[in-house]
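Structure at a glance
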Amino acid sequence: MRGLANQAVRVTLIDRHNFHTFLPLLYQVATAGLEPADVAYPIRTIFGHAKNVRVRHARVSGVDRERNVVTLEDGTEIVYDHLVVATGAVAAYFDIPGARNFSMPLYTLANARRLRNRLLRSLEDAEVAAETEAKELNFVCRRGRTHWVETAGALSELIEIAIRRDGMKLDPANVHIRLVDIAPRLLAAFPDRASSYALDHLESMGVDVELGRSGWK
């Protein structure tokens, strides 16, 4: 898209959001390492210098390929010569029982905010419960790909900061982070050396890595 900026073409960018999210850093938002504004950039700012790019903050309701027309929810029709459709991605649960109902995906900024609130609330609730009884707190990250390897490590750092810097009354021995994957090694798309390094680093941070498992109990 940026390659078409200031070229001899007219570009109309339609998005239901008025910002672009830098997805690789969503895990930092989810674990309170970054604020949402740190990974979300206004689309108009990104293309503000491009005189040939028009931005529409809207939702597409239909595409007429015979007429070469995109229809927006408000009824507006936009004629095109070439159409690029970017549908994004959704979480894959691989038919793991309970995963869709009880796990929290991390694909959007809204997902990251929701997960961060849930994590922080879990720590607050655990501290209150610890006043009367020892209670274990368990976090499970499903899949050993880059996204969740980073999330598991950042979660370990969050818990350490909450206890050591913020003074939360939690026993580290009662807080468990598990990374579960059906694959025989972490970061399967990377060389073995990277997988071994990631495994050693996570385990040094107190993360329990369980490979060759498709689910958890």
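Before reading further, recall that the structure is shown in the block above.
The notes below deal with the structure included here. All values derive from a computational prediction rather than experimental measurement.

How each quantity is defined
Residues numbered from 1 in each chain as written. Predicted model: local features only at pLDDT ≥ 70, side-chain atom pairs only at ≥ 80, totals over all residues. Heavy atoms only, no water. Core = buried A, V, L, I, M, F, W, Y, C linked by side-chain atoms within 4.5 Å. Buried < 20%, exposed > 50% of the residue type's maximum accessible area, 1.4 Å probe, protein only. Helix = DSSP H or I, 4+ residues; strand = E, 2+ residues; numbered from the N terminus. Contact = heavy atoms within 4.5 Å. 1 Å grid on protein atoms, 1.4 Å probe; cavity = no way out; pocket = protein on both sides within 12 Å on 5 of 7 lines; lining within 4 Å. Points joined across faces, edges and corners; volume = space filled by probe spheres on them. Nonpolar A, V, L, I, M, F, W, Y, C, P; charged D, E, K, R; others polar. Pairing = 2+ DSSP bridges. Axes fitted to C-alpha atoms, helices over the stretch in contact; angles between N-to-C directions.

**A word on the nonpolar core**
Among the nonpolar cores identified, the biggest contains 37 residues, and L106, L123, F139, I159, L179, L186 and L202 are the most heavily contacted of them. The set of elements that each furnish at least two residues to this core consists of α1 (26-30), α4 (109-130), β8 (137-142), α5 (146-164), β9 (175-181), α6 (192-204) and β10 (207-211). If you tally residues by element for this core, the top one is α5, at 9 residues. Not counting the four nearest positions on each side in its chain, L186 is found in contact with G144, V149, L179, S195, A198, L199, L202, V209 and L211. Formed by 8 residues, the second largest nonpolar core is a distinct cluster that contains A5, V11, V53 and V55.

**Re the layout of surface pockets**
Size it by volume and the largest pocket reaches roughly 2,100 Å³. In terms of lining, the largest pocket is formed by 45 residues, of which the most central are L13, I14, D15, V84 and A86. At the level of elements, β1 (11-15), β2 (19-21), α2 (43-46), β5 (60-64), β7 (77-79) and α4 are the ones that each hand at least two residues to the lining of the largest pocket. Of the residues that constitute the lining of the largest pocket, the class distribution is 28 nonpolar, 9 polar and 8 charged.

**A word on unusual backbone geometry**
A positive phi angle, near 60 degrees, is found at N6, a position not held by glycine. Mapping N6 onto the fold places it in the segment before β1. Residue class for N6 comes out partly exposed when judged on its relative accessible area of 45%. One non-glycine residue, R143, lies in the positive phi region at around 95 degrees. Locating R143 in the fold gives a position in the loop between β8 and α5.

**Describing the environment of F22**
As for its placement among the helices and strands, F22 is situated in the loop between β2 and α1. The exposure class of F22 is partly exposed, given its relative accessible area of 39%. It is 28 Å that separates the C-alpha atoms of F22 and E203, two residues lying 181 residues apart in sequence. Contact partners of F22, with chain neighbours within four places excluded, come to V39 and Y41.

**Concerning the sheet that holds β9**
With respect to topology, 3 strands assemble into an open sheet ordered β8-β9-β10, the strand pairing being parallel. Each edge of the open sheet carries a strand with a single partner, namely β8 and β10. Shown here is a sheet whose adjacent strand axes are inclined to one another by a mean of 20 degrees, direction ignored. One ladder, built from 5 bridges, connects β9 with β10; its direction is parallel. Directly across from D181, in β10, lies its bridge partner L211. The sheet contacts of α5 involve β8, β9 and β10, and relative to β9 the element is tilted by about 175 degrees.

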